[in-house]
Amino acid sequence: MTQTKEFLNLKELLKSKKALIGIVGMGYVGLPLALAYAKNGFKVIGLDIDEKKVKKINRSQSYIKHISNDEIHKYVSKGLIKATSNFEDSKNFDAIILCVPTPLNKYREPDLSFIRETTNSLLPFLKKGQILSLESTSYPGTTKEELMPLISSRGFNIGKNFFLIYSPEREDPGNKKFNTSNTPKVLGGITENCKNIGIELYKKIVNKVVPVSNTATAEMTKLLENIHRAVNI
């Protein structure tokens with residue numbers, strides 16, 4: 001696939017660490033991810049509808065047991081991390097990483113309402129040359145069937161002037177051996193260009209990126225990992 005000017009520009013922003021990283025959902029996945037990017041020199045904005053979390057981050061106060069106030073303060077004081085509840089701020093993001101919950105509903109099916117509502121809130125502010133990465137656990141096909149049509153409806157050409165990937169979160173809170181940086185990161189893109197930009201997005205913060213053939217494959221790896229863990233527990 002042809003490498004467009006949007007592709008080349010975003011790749012350079014990520015490579016030079018000048019890209020602004022927006023992390024949507026600052027829970028037990030989003031906050032450690034924000035710290036990982038800040039630790040590697042990126043500016044990060046955490047977007048969350050929970051005003052309590054937003055205020056705590058901006059005051060360098062942790063709400064996650066294994067993350068200290070000092071660790072947050074280290075990057076907040078340098079201006080590398082700040083939080084907001086205003087979706088309009090996302091128009092300045094170069095990369096958008098969705099870390100919103102997907103709980104099971106009463107029928108034991110994944111509730112995608114958080115993904116849909118969050119994406120709809122972001123839609124008016126999306127721009128050419130951005131990458132959006134979904135990290136939430138869901139069934140194979142979610143990224144292509146749910147997110148792609150919404151983004152395409154705004155006139156974006158996925159893989160040419162907007163990039164869409166799935167890269168499942170692999171947090172194990174409190175694990176002293178494995179953290180964001182030394183846990184291999186699986187990712188799949190809607191197109192080859194999407195996958196390549198995704199690699200550029202994550203390779204700065206993780207030791208090993210594992211690209212797979214498409215987003216559905218990446219989604220399936222997360223289900224298999226969770227099934228393995230559940231069975232063993």
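Residues numbered from 1 in each chain as written. Predicted model: local features only at pLDDT ≥ 70, side-chain atom pairs only at ≥ 80, totals over all residues. Heavy atoms only, no water.

Engineer: I'd like to hear about the nonpolar core, residue by residue, with values.
Structural biologist: By size, the foremost hydrophobic cluster in this structure holds 68 residues, and its most contacted members are Ile 21, Ile 23, Tyr 37, Ile 81, Ile 97, Leu 201 and Tyr 202. Considering each element in turn, this core owes the most residues, 7 residues, to helix 2 (residues 30-39). Once residues within four sequence positions are removed from consideration, Tyr 37 is found in contact with Ile 21, Ile 23, Phe 42, Val 44, Ile 97, Leu 201, Tyr 202 and Ile 205. (Core = buried A, V, L, I, M, F, W, Y, C linked by side-chain atoms within 4.5 Å. Buried < 20%, exposed > 50% of the residue type's maximum accessible area, 1.4 Å probe, protein only. Helix = DSSP H or I, 4+ residues; strand = E, 2+ residues; numbered from the N terminus. Contact = heavy atoms within 4.5 Å.)

Engineer: Go over the pattern of salt bridges, please, and point to the residues and values.
Structural biologist: Taken as a whole and assessed by the stated rule, the structure comprises 8 salt bridges. The salt bridge involving Arg 170 is made with Glu 225; its shortest N-O contact spans 2.7 Å. One end of the pair, Arg 170, is in the loop between strand 6 (162-166) and strand 7 (185-189); the other, Glu 225, is in helix 8 (residues 215-232), with 55 residues separating them in the sequence. The partner of Glu 200 in a salt bridge is Lys 203, with the nearest N and O atoms 3.6 Å apart. On the accessibility criterion, Glu 200 (5% relative accessible area) is buried. (Salt bridge = Lys/Arg side-chain N within 4 Å of Asp/Glu carboxyl O.)

Engineer: Give a description of the packing of helix 2 against helix 4 (residues 69-76) that names residues and reports values.
Structural biologist: Axis separation between helix 2 and helix 4 bottoms out at 10 Å; the angle between their running directions is 50°. As the angle between them shows, helix 2 and helix 4 are arranged oblique. In this structure, helix 2 meets helix 4 at a crossing whose hand is left-handed. Contacts from Leu 31, Leu 35, Ala 38 and Lys 39 in helix 2 reach Glu 71, Ile 72 and Tyr 75 in helix 4. Split by residue class, the contact of helix 2 with helix 4 holds 5 nonpolar, no polar and 2 charged. (Axes fitted to C-alpha atoms, helices over the stretch in contact; angles between N-to-C directions. Parallel < 35°, antiparallel > 145°, perpendicular 65-115°, else oblique. Left-handed = near helix turned anticlockwise from the far one by under 90°. Nonpolar A, V, L, I, M, F, W, Y, C, P; charged D, E, K, R; others polar.)

Engineer: Describe the packing of aromatic side chains, and please don't skip the residues or the numbers.
Structural biologist: Under the counting rule described, the total for this entry stands at 3 aromatic pairs. Here Phe 156 and Phe 162 contribute two aromatic rings whose centre-to-centre distance is 5.0 Å and whose plane-to-plane angle is 45°, an arrangement assigned as tilted. Note on Phe 156: relative accessible area 12%, which makes it buried. Judged by its relative accessible area of 0%, Phe 162 falls in the buried class. We note Lys 185 situated over the ring of Tyr 202; from NZ or CZ to the ring centre the distance is 4.5 Å. (Phe/Tyr/Trp six-rings, centres within 6.5 Å; stacked < 30°, edge-to-face > 60°. Lys NZ or Arg CZ within 6 Å of the ring centre and 35° of its normal.)

Engineer: Kindly report on the environment of Phe 114, identifying the contributing residues and their values.
Structural biologist: In this structure, Phe 114 sits in helix 5 (residues 113-122). In contact with Phe 114, not counting residues within four places along its chain, are Val 100, Pro 101 and Pro 103.

Engineer: Outline the packing of helix 5 against helix 6 (residues 142-152), supporting the account with residue identities and numerical values.
Structural biologist: Relative orientation of the contacting elements helix 5 and helix 6 amounts to 25°, with a least axis distance of 10 Å. Viewed along their axes, helix 5 and helix 6 adopt a mutual orientation that is roughly parallel. Considering how the two elements wind past one another, helix 5 and helix 6 form a crossing that is right-handed. On the side of helix 5, the interface is formed by Ile 115, Arg 116, Thr 119 and Asn 120, while helix 6 contributes Thr 142, Glu 146, Leu 147 and Leu 150. Tallied by class, residues from the contact of helix 5 with helix 6 come to 3 nonpolar, 3 polar and 2 charged.

Engineer: Give me the lowdown on the sheet that holds strand 3 (residues 81-84), citing residues and values where you can.
Structural biologist: Taking strand neighbours across the sheet as the criterion, the 8 strands line up as 3-2-1-4-5-6-7-8 in an open arrangement whose pairing is mixed. Each edge of the open sheet is held by one strand with a lone partner, namely strand 3 and strand 8 (209-211). Across the sheet, the mean angle from the axis of one strand to that of its neighbour is 25°, orientation sign disregarded. Of the pairings in the sheet, the one linking strand 5 (residues 130-134) to strand 6 comprises 5 bridges and is parallel in character. Each residue of the ladder has a partner; that of Ile 131, found in strand 6, is Phe 163. Seen against the sheet, helix 7 (residues 192-202) touches strand 1 (20-24), strand 4 (95-98), strand 5, strand 6, strand 7 and strand 8 and runs at an angle of roughly 70° to strand 6. (Pairing = 2+ DSSP bridges.)

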